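Coordinate analysis (summary)
Given next are the chains, with one letter for each unit.
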Amino acid sequence: MTDKISKDPAGGPAGSGPSATPPGGPAKLPAAVPYQAIKAVPVRHYGRWISGVVVVALLGWLVYAFSQGNIIWDTVWDKLFDASIIDGLANTVLISIASMALGLVLGIVFAVMRLSKNPVTGAVAWLYIWFFRGTPVYVQLLVWFNLALIFEYINLGPIYKNETVDVMQPFMVALLGLGLNEGAYMAEIVRAGIQSVDEGQTEAAHALGMSQTKTMRRIVLPQAMRVIVPPTGNEFINMLKTSSLVSAVQYTEVLRASSNIGSTAGAVMEMLFVASIWYLALTSVFSVGQYYLERRFARGSSRSLPPTPWQRVRTNLATFKRSPEATA
Amino acid sequence: MTGQPMVKAEGVHKSYGAAHILRGIDLEVRSGEVFCLVGPSGSGKSTFLRCINHLERIDGGRLSVDGRLVGYRQQGERLYELKDSEVAAQRRDIGMVFQRFNLFPHMTALANVMEAPVQVKGETKAVARERAQRLLDRVGLSDRMHNYPSQLSGGQQQRVAIARALAMEPKLMLFDEPTSALDPELVGDVLDVMRDLAESGMTMIVVTHEMGFAREVGDSLVFMDGGVVVESGHPRDVLGNPQHDRTKAFLSKVL
């Protein structure tokens, strides 16, 4: 009885011994023993210092080479905010977002179809993915562009009828070409996401009397999002750059706007730099957006969310300030 | 304890490919009783439980809940499979609690409990929330309503899962080893909730290894092994004075 920790909340005369509990206190656990923090010489990483210097030197050499090349940098800065470039930039963002939205909707629809028990929908989804993933997006764009060669009219009976050439404006061609292609890739991403959700979730929803559709929409898809969002962000950043292909179907996005100026002003390389700067800016902005989107869908999957970079900086600063007291 | 049985099984068979899991189960669960299913793992007790709400379809025999066949409709001599929506409708009246809780991790405890009444029965959020709060209070979690499942202990999660099943106001509750995934310290809280539920008159079928609970709360007990019912009776009799050698061997290891 002497060494046992008393269960009585009044806490009678509990044991004696070196790690004795505070006498008469309500605490039933032994108190933590104070300890001396370890002070040791950290491992020196000489390799990191050397490789760091090499990388900086190589970068410096590269920057120097570009600055000395036959490039008029003033033209780059002059044309960076040219009205036609800004228009092209807006078109790039517009077509990328629109195509991605179409791709996402198609991806979810075809992923669900592919996983359904219905053999017809399964086969249709398989065929769609097989075709649109198996042919180059450039070819698909050109086929949409020349669709009038096959279907002269778009005829939906009494609802709608028009000449194909009138419907297939550059924006429409670009949207269908990029969106349908993206849909095939998104279908596979969404399918992987759906399959990553534990089967127990579906069972629990079914046991509550939820229908297949409700289970998919309310229970499975929201959880699949956590797996779907990171590769989707990747797909979107890819889309921003792939959208440069639609210049081939007369859609004036940022690359086409740049090369228009480049060929008339005789500044091809300069204008490619302009386009590259804007692509880098766009991908950077959307990468940050992707980070916060991932955090949003990580809700409930772990006890606490990882800190944002800004929170991490603040924590690091706080520890830096606190450290002298802690070691004192 | 009158009228037709809540659950009636006659010669229920179930196979997964070549594995013959259930080899003719006959049993009756009366309305309002606590019916315990015990037996070694692989004996088919969980599979049988899952057949009752058609998470698994049976290959032979007849299984009915509250006088209606599970998963089929009988017209004359012929059986017709029910559509998905009809199966879903049957399941509304049967609550199920899983060994691994299976709470929806992207929803708070409160939202977990509100989900089915709102989505399945079309209740207004206000009505569903009011009941969900009452149920969470009943299982002792009124201070945890806005926590996500990952922020709750196993015992708390399982009690939310019980509240979630009760929110549909079922006439039958199925428990599939509800305490097997819990730390020993947390088992008591869940059993307390189940005991309270039994006292309120709920019909419960409990697959469990908690012999103490079965003896104290159970009205009937069935010992299963190899896909058949080996022995059945009042828990006190089966656990205290087993007749069959297989039952004796099993109980000598777990009691």
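What you see is a predicted model, and the numbers here were worked out from it, not measured in a lab.

**A short note on helix α5 (residues 137-145) of chain A**
Note that an α-helix has 3.6 residues per turn; residues three or four places apart therefore point the same way. Residues and elements named next belong to chain A. For α5, the complete set of buried residues consists of V137, Q140, L141 and W144. When α5 is viewed along its axis, its buried side chains cluster within an angular range of 100° and face the same direction. Where α5 is buried, its residues meet α4 (119-134), α7 (170-196) and α9 (212-242).

**Observations concerning the UniProt feature "domain: ABC transporter" (unreviewed entry) in chain B**
Per the UniProt record, "domain: ABC transporter" (unreviewed entry) is annotated on residues 7-251 of chain B. Secondary structure within residues 7-251 of chain B divides into 37% helix and 28% strand; the distance between the first and last C-alpha atoms comes to 26 Å.

**Remarks on the interface of chain A and chain B**
Quoted interface sizes are often the accessible area lost when the parts come together. With 23 residues of chain A at the contact, the number on the chain B side is 26 residues. Between chain A and chain B, roughly 2,100 Å² of surface is buried when both sides are summed, and carbon and sulfur atoms account for 54% of that area. The largest contributions to the chain A side of the interface with chain B come from E203(A), A207(A) and L208(A), which together make up 27% of the buried area. The interface formed by chain A and chain B contains three salt bridges. Close ionic contact of R50(B) with E203(A) constitutes a salt bridge, the shortest N to O distance being 2.6 Å. Linking chain A with chain B are seven residue pairs in polar contact (both at pLDDT 80 or more).

**Considering the state of the cysteines**
Residue and element names in this part refer to chain B. Applying the stated criterion across every chain yields a total of zero disulfides over all chains. There is no disulfide at C36, and the cysteine sulfur nearest it, in C51, is 19 Å away. Its relative accessible area of 1% is what places C51 among the buried residues.

**Some remarks on the layout of surface pockets**
Computed from the structure, the largest pocket encloses a volume of approximately 1,100 Å³. A class-by-class count of the residues in the lining of the largest pocket yields twelve nonpolar, eleven polar and nine charged.

**Structural notes on the sheet that holds strand β5 (residues 68-69) of chain B**
Residue and element names in this part refer to chain B. Taken together, four strands build an open sheet; the order of strands is β2-β1-β4-β5 and the sheet is antiparallel. Both outer strands of the open sheet, β2 (19-29) and β5, are each paired with one neighbouring strand and no more. Where strand β1 (residues 7-16) meets strand β4 (residues 60-65), five bridges bridge the pair, whose relative direction is antiparallel. Paired with E10 across the strands is R62, a residue of β4. The sheet contacts of helix α1 (residues 45-52) involve β1, β2 and β4, and relative to β2 the element is tilted by about 65°.

**Concerning the packing of helix α3 (residues 83-115) of chain A against helix α10 (residues 254-265) of chain A**
Residues and elements named next belong to chain A. Between α3 and α10, whose axes approach to 7 Å, the crossing angle comes to 160°. With respect to their mutual orientation, α3 and α10 come out roughly antiparallel. Here S84, I85, G88, L89 and T92 of α3 lie close against α10, whose contacting residues are V254, A257, S258 and I261. Tallied by class, the residues present in the contact of α3 with α10 amount to five nonpolar, four polar and no charged.

**Observations concerning the pattern of salt bridges**
Pairing between side chains becomes possible if they bear opposite charge and their charged atoms approach one another. Enumeration over the complete set of coordinates arrives at 23 salt bridges over all chains. Its salt-bridge partner being D84(B), residue K117(A) comes within 3.8 Å of it at the nearest N-O pair. Residue K117(A) is located in the loop between α3 and α4, and its partner D84(B) is located in helix α2 (residues 84-91); the two belong to separate chains. A relative accessible area of 69% means that K117(A) is categorised as exposed. Two residues, E33(B) and R30(B), come together in a salt bridge whose shortest N-O distance is 2.7 Å.

**Comments concerning the packing of helix α8 (residues 199-207) of chain A against α9(A)**
All names here are of chain A. Orientation of α8 relative to α9, taken along the N-to-C sense of each, is 145°, at an axis distance of 10 Å. With respect to the hand of their crossing, α8 and α9 are arranged in right-handed fashion. Packed against α8, whose contacting residues are Q201, T202, A205 and H206, the element α9 presents Q212, T215, I219, V220 and Q223 at the interface. Grouping the constituent residues of the contact of α8 with α9 by class yields three nonpolar, six polar and no charged.

**Observations concerning α7(A)**
Residue and element names in this part refer to chain A. Over its 27 residues, α7 runs 38 Å from end to end, which matches the ideal 39 Å to within 8%, given 1.5 Å per residue. A184 marks where α7 bends most, by close to 25°. Among the 27 residues of α7, 19 are classified as buried, and the element is accordingly described as predominantly covered.

**Regarding the nonpolar core**
All names here are of chain A. Counting residues in each nonpolar core, the largest one holds 53 residues, and the members touching the most others are I85 and Y128. Counting residues per element, the ones that place at least two in this core are α2 (73-80), α3, α4, α5, α7, α9, α10 and α11 (268-297). Ranked by residues supplied to this core, first place goes to α7 with twelve residues. What Y128 contacts, discounting residues up to four positions off in sequence, is L106, F110, L180, G183 and A184.

Thresholds, definitions, all that
Residues numbered from 1 in each chain as written. Chains lettered and ligands numbered in written order. Predicted model: local features only at pLDDT ≥ 70, side-chain atom pairs only at ≥ 80, totals over all residues. Heavy atoms only, no water. Buried < 20%, exposed > 50% of the residue type's maximum accessible area, 1.4 Å probe, protein only. Helix = DSSP H or I, 4+ residues; strand = E, 2+ residues; numbered from the N terminus. Arc of directions from axis to C-beta. Contact = heavy atoms within 4.5 Å. UniProt positions renumbered as here; feature names shortened; annotations may be inferred. Buried area = accessible area lost by both parts, 1.4 Å probe. Salt bridge = Lys/Arg side-chain N within 4 Å of Asp/Glu carboxyl O. Polar contact = N/O pair within 3.5 Å; in protein donor to acceptor, adjacent residues only side chain to side chain. Disulfide = S-S within 2.5 Å. 1 Å grid on protein atoms, 1.4 Å probe; cavity = no way out; pocket = protein on both sides within 12 Å on 5 of 7 lines; lining within 4 Å. Points joined across faces, edges and corners; volume = space filled by probe spheres on them. Nonpolar A, V, L, I, M, F, W, Y, C, P; charged D, E, K, R; others polar. Pairing = 2+ DSSP bridges. Axes fitted to C-alpha atoms, helices over the stretch in contact; angles between N-to-C directions. Parallel < 35°, antiparallel > 145°, perpendicular 65-115°, else oblique. Left-handed = near helix turned anticlockwise from the far one by under 90°. Expected span 1.5 Å × (residues − 1). Bend = angle between axes of the 7 residues up to and from the residue. Core = buried A, V, L, I, M, F, W, Y, C linked by side-chain atoms within 4.5 Å.

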